Amino acid sequence: MLCDYFCRSVYFPSIAFPNGVFDAEVLVQLEGKGDQYGLSVASRCILRTEEEAHQYGCRGAKTKNERYEAEHIGEDLDPARYPKYYMGFYDLRVAAIQKVAYRLEYYRMVLRWVPENDEMAHFEIQLHEPVTSPGPKKLKNDRKWARELLALCLVGPYPHLCDGDERPDGVDAVRLPPCVEQTMVQRDTVR
């Protein structure tokens, strides 16, 4: 059932393509600082069809481009950051996200509804630091572990070209590699 899934949109250029090559771990990197980190995802319960998920991603690219233009009025726009093209999405099963949460040693992982830019399907996978911190190194390792495990949970891709997108040759050549949810491994076998 679709309510068992969230999707993660992929944009190019972005950090998910270091050196022009897709990196699943970077796509699911939890961003933030201090005591809270988050990862934007969208509910497939609200975005019930593949096309609805793609339209959500296309609106996201448009919003990112408009925000970048507004922040850089009168400046040369950086081609490494602008324009953003929506490339498609990967699914994440809720049960897989919960398995990741159970494997974290220090952080508490939650899925939280956080509407953004009038998008009711927008959620965040959030990491909350424990009340008593075990120290920055242990917390950093826990975030790294969360990223590694979330990358194993990706299913897809579901590629897409937004209406009106005229991608330059370099962007048109970018392909999203297949990802199939993998069995979770024990923490000590990875480290």
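The present account deals with the structure reproduced in this document. Predicted model, so just to flag it, every value in this text is computed and none were measured. Within each chain, residue numbers correspond to sequence positions counted from 1 in written order. Only residues with pLDDT of 70 or above have their local features reported here, since the model is predicted, and side-chain atom pairs are shown and tallied only from 80 upward, although totals for entire chains, interfaces and linings are computed over all residues. As a rule here, side-chain values cover all heavy atoms of the structure and leave hydrogens and water aside.

### A closer look at unusual backbone geometry
And then number 1: Looking along the chain, the bond that leaves F12 and enters P13 is cis, with omega of -5°.
And then number 2: Counting from the N terminus, the helices are DSSP H or I runs at least four residues long and the strands are E runs at least two residues long. Here P13 is to be found in the loop between β1 (5-12) and α1 (24-27).
And then number 3: Of the consecutive residues G156 and P157, the connecting peptide bond is found in the cis state with omega at 15°.
And then number 4: Even without being glycine, N117 reaches a positive phi, approximately 50°.
And then number 5: Take N117: it is sitting in the loop between β5 (108-113) and β6 (122-128).
And then number 6: Residue burial is assigned from relative accessible area. The probe radius is 1.4 Å, only protein chains are included, and a residue is buried under 20% of its type maximum, exposed over 50%, and partly exposed in between. Overall, N117 belongs to the partly exposed group, its relative accessible area being 43%.

### Looking at the side chain of Q126
And then number 1: When you line up the elements, Q126 lands in strand β6.
And then number 2: Polar contacts here mean pairs of N or O atoms no more than 3.5 Å apart (in protein, one a potential hydrogen donor and the other a potential acceptor; neighbouring residues in sequence count only if both atoms are side-chain atoms). A polar contact of 3.0 Å, which involves the side chain of Q126, links it to the side chain of H128.

### A look at the pairing of strand β3 (residues 36-43)
And then number 1: Within β3, 6 of the 8 residues are buried, which leaves the element mostly enclosed by the surrounding structure.
And then number 2: Of the pairings in the sheet, the one linking β1 to β3 comprises 2 bridges and is antiparallel in character. Bridging from a neighbouring strand, C7 pairs with A42 of β3.
And then number 3: Here strand β2 (residues 31-33) runs beside β3; their pairing, made up of 3 bridges, is antiparallel. Across the sheet, the residue bridging to K33 is Q36, located in β3.
And then number 4: Criterion used throughout: strands pair if DSSP finds at least two bridges between them. Adjacent in sequence and paired antiparallel, β2 and β3 are bridged by 2 residues, among which G34 carries a positive phi angle near 75°.
And then number 5: Of the strand pairs in this sheet, β3 and β6 are connected by 7 bridges, and their pairing is antiparallel. Note on β6: the bridge partner recorded for A42 is H122.

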